[in-house]
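Secondary and tertiary structure notes
Residues per chain, in single letters:
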Amino acid sequence: MELLEVLEALNRTHGPSGDEGGVREKIAELARPFADEIITDTLGNLIVHKKGEGPRVMFAAHMDSIGFIVTHIEKEGFLRVGRLGGVVPKEAAYSNLRFKNGVRGVFVPEEKADLGRLRLDQCFIDIGADDEEAAKKLVRVGDTAVYDGPVRVMGDRVTAPYLDDRIACAVLLCALEQIEQPACDLWMVFTVQEEVGLRGAKTAAWWVEPDVGLAVDVTDADDTPGSERSGTAKLGKGAAVKVMDSSVICHPEVVARLEELAGARDIPVQRDILRAGGTDAGAIHTARLGVKTGGISIPCRYIHTPAETADLRDAAACVRLTVAFAQQ
Ligand SMILES: [Zn+2]
């Protein structure tokens, strides 16, 4: 599998938190040829099992994305919405949106709203409907929408609305294809509802009962003009080995093991410390009696905006590191 092609395929699917059916179906289809068993649990996590001898190792990438949920349909046909996860209204202003049924819309601030302090209740979605009746033929209260945009290539880099966390799902799928004989009992879990509080990872970790857990997710890059030094990762400097974020302090053995494997195989790596923001690792490491947990991160700029940007060479390094961890 080509990572960019997988990313493009996943970017076309629908999968905001709680409504991940579309993306789950696509990932299951891509994983099937390389899996011994695929399970969907009660919350909707997709659990892909590749049997092997040794400790139970769980990799987790969340398949949900941030998005919007319709709360009101107004007389004039405009929609008001709530947020699924960390949507920031000013970053969403004038973005194109797409509903699960294919209906298109534009996210618009009211004319008098202060863009700098824009609140969600000062914004509406225009779906091209003349009035309430026409709008109700297109959407219902409770329907969900996501940013609608393609994956664009900029040299070695890509920009797309949902690199968080579809690029990590693509990393796991490409790694799965390359792992012939795992040196562990391998569980690759594509989790739900990460963006609303690591909910899927919690039940998945209980189910899988891993000895070792690894969250694969994007991490904030600290390499643009005016960046606030809240993270450590930089685009193009390799896979980021998580040391800490606000949800987890990684187990030192896992950090050491990842760095040792990277050194032995000449995989470019950097350390990832994120002052704010959590990952599935937060839920995994406190499951049951505790799980030795770490993370492999893909540095990403402009997270949670419609223009998330990452480097394909970093993603390729993450694939190699995942394969190395599973095979040794
Ligand atoms: Zn994420």
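Since we're looking at a predicted model, the values are computed, not measured.

1. Side note on the overall build of the chain
Secondary structure assignment for the chain yields nine helices and 18 strands. Here the C-alpha radius of gyration of the chain, 20 Å, is about what a compact globule of 328 residues would show, namely 20 Å. In terms of principal-axis extent, the alpha carbons of the chain reach across some 60 × 45 × 35 Å. The buried share among the 328 residues of the chain stands at 57%. In the chain, 74% of the contacts between residues at least 6 apart in sequence involve partners at least 24 apart. When the accessible surface of the chain is summed, it comes to about 14000 Å², and 49% of that surface belongs to carbon and sulfur atoms.

2. Describing the pattern of salt bridges
Taken as a whole, this structure holds 21 salt bridges when the rule is applied. The salt bridge partner of Lys 242 is Asp 245, with a shortest N-O separation of 3.1 Å. Its relative accessible area of 1% is what places Lys 242 among the buried residues. One salt bridge connects Lys 292 with Glu 253, and the closest N-O pair in it is separated by 2.8 Å. Within this pair, whereas Lys 292 is found in strand 17 (residues 292-301), its partner Glu 253 is found in helix 7 (residues 252-265), the two being separated by 39 residues in sequence. The class for Lys 292 is partly exposed, based on a relative accessible area of 35%.

3. A closer look at the environment of Asp 148
If you trace the backbone, Asp 148 turns up in the loop between strand 9 (144-147) and strand 10 (152-154). Between the C-alpha atoms of Asp 148 and Ile 267, which are 119 residues apart in sequence, the distance is 34 Å. Beyond its immediate chain neighbours, meaning those up to four positions away, Asp 148 contacts Asn 96, Leu 97, Arg 98 and Arg 104.

4. Some words on the domain arrangement of the chain
As a measure of interface size, the accessible area lost when the parts come together is often cited. For the chain, the assigned domains are domain 1 (3-65 + 162-327) and domain 2 (67-147). Each of domain 1 and domain 2 has a C-alpha centre, and these two points are 30 Å apart. Residue-level contacts link 14 residues of domain 1 with 13 residues of domain 2. Of the roughly 1200 Å² buried at the junction of domain 1 and domain 2 (both faces included), carbon and sulfur atoms supply 54%. Ranking the residues of domain 1 by area buried against domain 2 places His 14, Tyr 162 and Pro 306 at the top, with a combined share of 43%. Seen at the junction of domain 1 and domain 2, the total is one salt bridge. Asp 19 serves as the salt-bridge partner of Lys 100, at 2.7 Å between the closest nitrogen and oxygen. Taken together, domain 1 and domain 2 are joined by seven residue pairs in polar contact (both at pLDDT 80 or more). A breakdown of the residues in the side of domain 1 that touches domain 2 according to their chemical character gives four nonpolar, seven polar and three charged.

5. Topic: the packing of aromatic side chains
One pass over the structure, following the stated rule, counts six aromatic pairs. On the basis of an interplanar angle of 90° and a centroid distance of 6.1 Å, the ring pair of Phe 59 and Phe 325 is categorised as edge-to-face. A residue pair is termed long-range when its members are at least 10 positions apart, and Phe 59 in strand 3 (residues 56-62) and Phe 325 in helix 9 (residues 312-327) qualify at 266 residues. Per residue, the accessibility class of Phe 59 equals that of Phe 325, and both read buried. Taking 5.9 Å as the distance between ring centres and 65° as the angle between the ring planes, the aromatic pair formed by Trp 187 and Trp 207 counts as edge-to-face. Of this pair, Trp 187 sits in strand 12 (residues 185-191) while Trp 207 sits in helix 6 (residues 199-208), placing them 20 residues apart in sequence. Residue classification places Trp 187 among the buried residues on the basis of a relative accessible area of 4%. Every member of this aromatic cluster is reached through a ring pair, and the members are Phe 68, Phe 107, Tyr 147 and Tyr 162. When the ring centre of Trp 206 is taken as reference, the NZ or CZ atom of Arg 288 above it lies at 4.0 Å.

6. Things to note about the coordination of the zinc ion
Around the zinc ion, the protein supplies His 62 (NE2), Asp 164 (OD), Asp 217 (OD) and Asp 217 (OD) as donor atoms, at distances of 2.0 to 2.7 Å. By relative accessible area, which is 5% here, Asp 164 ends up buried. A relative accessible area of 6% places Asp 217 in the buried class.

7. Topic: the environment of Pro 16
Within the element layout of this structure, Pro 16 appears in the loop between helix 1 (3-11) and helix 2 (21-31). Considered as a pair, Pro 16 and His 304 are 288 residues apart in the sequence and their alpha carbons are 12 Å apart. The contacts of Pro 16, once residues within four sequence positions are left out, are Asp 64, Ser 65, Ile 66, Gly 67, Leu 84, Thr 144 and Val 146.

What counts as what
- Residues numbered from 1 in each chain as written.
- Predicted model: local features only at pLDDT ≥ 70, side-chain atom pairs only at ≥ 80, totals over all residues.
- Heavy atoms only, no water.
- Helix = DSSP H or I, 4+ residues; strand = E, 2+ residues; numbered from the N terminus.
- Rg over C-alpha atoms; globule rule 2.2 N^0.38 Å.
- Buried < 20%, exposed > 50% of the residue type's maximum accessible area, 1.4 Å probe, protein only.
- Contact = heavy atoms within 4.5 Å.
- Areas by Shrake-Rupley, 256 points an atom, 1.4 Å probe, with all protein chains shown as cover.
- Salt bridge = Lys/Arg side-chain N within 4 Å of Asp/Glu carboxyl O.
- Domains from an automatic or database assignment.
- Buried area = accessible area lost by both parts, 1.4 Å probe.
- Polar contact = N/O pair within 3.5 Å; in protein donor to acceptor, adjacent residues only side chain to side chain.
- Nonpolar A, V, L, I, M, F, W, Y, C, P; charged D, E, K, R; others polar.
- Phe/Tyr/Trp six-rings, centres within 6.5 Å; stacked < 30°, edge-to-face > 60°.
- Lys NZ or Arg CZ within 6 Å of the ring centre and 35° of its normal.
- Donors = N, O, S within 2.8 Å, 3.2 Å for Na, K, Ca; no water.

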